[in-house]
Amino acid sequence: MTKPDLARRRALYDAEARLSWVLAALAGLIGAAAFMHTEGYFVTFMTGNTERAVLGYFHDEPDIAVAAALLMISFLAGVVVSSWCRRRYWSGHPHGPTLLTTLSLAVASLLDGIIYWATSATNIDLIPILFVAFGVGALNTSFVKDGEVSIPLSYVTGTLVKMGQGIERHISGGDYADWLNYFLLYTAFCAGALLGGLLSLVVAGWAMLITATVVCLITTCYTYLHLDRHGPPTTS
């Protein structure tokens with residue numbers, strides 16, 4: 001086995017890889033909270049939001065179309081703001097976007113708690129969900145190499161495409177490392193979505209938002225206090 005192949009196999013299970021699984025699971029959990037406790041809003045599925053924004057009027061659902069467009073704008077804003085913060089303030093914290101995601105989820109939880117206290121509504125309102133979408137956009141910039149996102153945490157379509165290409169390379173004489181990392185990332189996202197679905201059966205939407213906020217806060221503390229100090233550097 002060559003040294004590059006050995007290094008690639010080790011990278012499948014290093015601290016960066018394990019963190020990507022946690023954050024992918026978090027993205028799945030957040031997506032489940034938004035989907036299960038709203039009017040069916042997507043915060044991780046921008047392809048679906050794009051189609052809803054364009055086609056909602058054809059189904060006589062202008063409110064859904066507007067909501068989908070706002071979710072895309074919020075998601076994009078999260079990417080832009082997080083990328084700007086990486087360049088300006090987080091040179092020593094390559095995983096700084098998790099802080100922005102934590103703050104966004106905390107604001108969403110607070111707003112939803114206020115709405116729940118005032119109206120007793122069990123579903124999450126659109127305004128808190130816009131903050132959630134902003135946070136998910138920021139979360140997707142957690143792994144950057146040479147100025148580009150290297151691990152898109154909630155972009156499941158791209159993950160499956162890359163996994164399929166890796167499987168083909170393995171069949172054609174490559175190595176299991178060509179696809180296993182994408183499989184593990186996809187599995188983590190599915191596990192997070194499954195956990196979110198199970199939680200939605202027993203808790204209200206605000207409780208799921210708080211759960212996601214706590215998980216993201218713990219992850220943020222870990223990256224700031226340990227991984228960004230002792231782990232491998234990430235090029236931004």
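Before reading further, recall that the structure is shown in the block above.
Residues numbered from 1 in each chain as written. Predicted model: local features only at pLDDT ≥ 70, side-chain atom pairs only at ≥ 80, totals over all residues. Heavy atoms only, no water.

A. Quick look at the side chain of Asp175. By the secondary structure assignment, Asp175 is in the loop between α7 (156-171) and α8 (180-200). Its relative accessible area of 14% is what places Asp175 among the buried residues. A polar side-chain atom of Asp175 sits 2.9 Å from the main-chain amide nitrogen of Ala177. (Helix = DSSP H or I, 4+ residues; strand = E, 2+ residues; numbered from the N terminus. Buried < 20%, exposed > 50% of the residue type's maximum accessible area, 1.4 Å probe, protein only. Polar contact = N/O pair within 3.5 Å; in protein donor to acceptor, adjacent residues only side chain to side chain.)

B. Quick peek at helix α2 (residues 15-36). For α2, with 22 residues, the first-to-last C-alpha span of 31 Å sits near the 32 Å given by 1.5 Å per residue. A large share of α2 lies buried, amounting to 16 of its 22 residues. (Expected span 1.5 Å × (residues − 1).)

C. Region of interest: the packing of α2 against helix α6 (residues 126-139). Between α2 and α6, the least distance of the axes is 11 Å, while the angle of their chain directions is 160°. If you check the angle between α2 and α6, you find them roughly antiparallel. In this structure, α2 meets α6 at a crossing whose hand is left-handed. Packed against α2, whose contacting residues are Leu23, Leu26, Ala27, Ile30 and Ala34, the element α6 presents Ile129, Val132, Val136 and Leu139 at the interface. (Axes fitted to C-alpha atoms, helices over the stretch in contact; angles between N-to-C directions. Parallel < 35°, antiparallel > 145°, perpendicular 65-115°, else oblique. Left-handed = near helix turned anticlockwise from the far one by under 90°. Contact = heavy atoms within 4.5 Å.)

D. Spatial organisation of the environment of Ser74. As for its position among the elements, Ser74 is in helix α4 (residues 62-88). Linking Ser74 and Gly135, residues 61 residues apart in sequence, is a C-alpha distance of 8.7 Å. Setting aside anything within four residues of it in sequence, one finds Ser74 in contact with Leu130, Phe131, Ala133 and Phe134. Engagement of the side chain of Ser74 in a polar contact is seen with the backbone nitrogen of Phe134, the distance being 3.3 Å.

E. Quick peek at the environment of Cys221. Note on placement: Cys221 falls in helix α9 (residues 205-230). Relative accessible area serves as the criterion here: at 37%, Cys221 is assigned to the partly exposed category.

F. Spotlight on the packing of helix α5 (residues 97-119) against α6. Running from N to C, α5 and α6 point in directions that differ by 170°, and their axes come no closer than 8 Å. The orientation of α5 relative to α6 falls into the category roughly antiparallel. Contact with α5, carried on its side by Pro97, Thr98, Leu100, Thr101, Ser104, Leu105, Val107, Ala108, Leu111, Asp112 and Ile115, involves Ile127, Pro128, Phe131, Val132, Phe134, Gly135, Ala138 and Leu139 of α6 and no other residues of that element. In the contact of α5 with α6, the residues fall into 14 nonpolar, 4 polar and 1 charged. (Nonpolar A, V, L, I, M, F, W, Y, C, P; charged D, E, K, R; others polar.)

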